[in-house]
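The chain contents come next:
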Amino acid sequence: MNTTLGTIEAMTASPQLITAPQAAALVRDALSAGNSDLAIRQLTEAIARLIESKGKNIPADEFAEPETTGDANYDAVLAAAFLYAANICQLEAPGWTELAPLTELWLWGGDGFESEQYKSLIRSQTPSEFLERNILTRPRDWVNA
């Protein structure tokens, strides 16, 4: 089954939530195909939908522990993102969201050529769930446009 195409279809047909295991599989498939932009969009969509739910009608498996995405940075951002969404929705986050921080600072969605000034700006806006894991991102990165 091609989960990448399945999610694109699901995103246009239904606003249903994307579970953590589904999000990890989608990210893994996109990264395996060499498409980090798609991986970012799919994880963002999963988290945005969860935040938009305001913690209501959450399926039992929404926070089931996912398999690895195959990339330590994406595993860390997936865990931090689900923790972030759980905190916003005032839900208890599972233990798997408490991954150790990355060894190096990582700008989510960056290409590695950002200036220190830009990274400082993003750092000042980064929620603690991400910053504590050496991930730079802004709240606006986790909402649907």
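See the structure shown above.
A few points on the structure. (Residues numbered from 1 in each chain as written. Predicted model: local features only at pLDDT ≥ 70, side-chain atom pairs only at ≥ 80, totals over all residues. Heavy atoms only, no water.)

## What about the packing of aromatic side chains?
Keep this limit in mind: Pairing of aromatic rings covers Phe, Tyr and Trp, the last counted by its six-membered ring, and requires centre-to-centre distances within 6.5 Å; plane angles under 30 degrees mean stacked, over 60 mean edge-to-face, and any other angle means tilted. Secondary structure elements follow DSSP: runs of H or I no shorter than four residues count as helices, runs of E no shorter than two count as strands, and numbering proceeds from the N terminus. Buried, partly exposed and exposed residues are distinguished by accessible area as a fraction of the type maximum, computed with a 1.4 Å probe on protein chains only: under 20%, between the cut-offs, and over 50%, respectively.
Applying the stated criterion to the full structure yields 8 aromatic pairs. Residues Trp106 and Trp108 carry aromatic rings whose centres are separated by 5.8 Å and whose planes lie at 85 degrees to one another, so their mutual orientation is edge-to-face. An angle of 15 degrees between the planes, with centres 5.2 Å apart, marks the rings of Trp108 and Trp142 as stacked. One end of the pair, Trp108, is in the loop between strand 1 (106-107) and helix 5 (116-125); the other, Trp142, is in the segment after strand 2 (135-136), and 34 residues separate them in sequence. You can call Trp142 buried: its relative accessible area is 0%. Among the aromatic residues, ring-to-ring pairing joins Tyr74, Tyr84, Trp106, Trp108, Phe130 and Trp142 into one connected group.

## Considerations on the packing of helix 2 (residues 20-32) against helix 3 (residues 36-52)
For clarity, the cut-off: What counts as an axis is a line fitted to C-alpha atoms, over the stretch in contact for a helix, and the angles between N-to-C directions run from 0 to 180 degrees. Each angle is binned into one of four classes, with values under 35 degrees roughly parallel, values over 145 roughly antiparallel, values of 65 to 115 roughly perpendicular, and all other values oblique. The contact criterion used is simple: two residues touch if any of their non-hydrogen atoms lie within 4.5 Å. Under the grouping applied here, Gly and all other residues not named as nonpolar or charged are polar, the nonpolar ones being Ala, Val, Leu, Ile, Met, Phe, Trp, Tyr, Cys and Pro and the charged ones Asp, Glu, Lys and Arg.
In contact at an axis separation of 7 Å, helix 2 and helix 3 are set at 170 degrees when each is read in the N-to-C sense. The pairing of helix 2 with helix 3 is recorded here as roughly antiparallel in orientation. Packed against helix 2, whose contacting residues are Ala23, Leu26, Val27, Ala30 and Leu31, the element helix 3 presents Ser36, Leu38, Ala39, Gln42, Leu43 and Ala46 at the interface. Along the lines of polarity and charge, the residues of the contact of helix 2 with helix 3 split into 9 nonpolar, 2 polar and no charged.

## Considering helix 3
So the rule is basically this: The span one expects for a helix is its residue count, reduced by one, times 1.5 Å.
Its 17 residues place the ends of helix 3 24 Å apart at the C-alpha level, agreeing with the 24 Å of an ideal helix rising 1.5 Å per residue. In terms of burial, helix 3 is largely enclosed, as 13 of its 17 residues are buried. Positive backbone phi, approximately 55 degrees, marks Lys54, located one or two places after helix 3.

## Side note on the nonpolar core
One broad trend across soluble globular proteins is that nonpolar side chains are buried collectively. To keep it simple, the criterion reads: Take the buried Ala, Val, Leu, Ile, Met, Phe, Trp, Tyr and Cys residues and link them wherever side-chain atoms come within 4.5 Å; each set so joined is a nonpolar core.
Membership of the largest hydrophobic core comes to 35 residues, with the highest contact counts inside it found for Leu43, Val77, Phe82, Trp108, Ile135 and Trp142. Elements with a contribution of two residues or more to this core: helix 2, helix 3 and helix 4 (72-88). Among the elements that take part in this core, helix 4 stands out by supplying 11 residues, more than any other.

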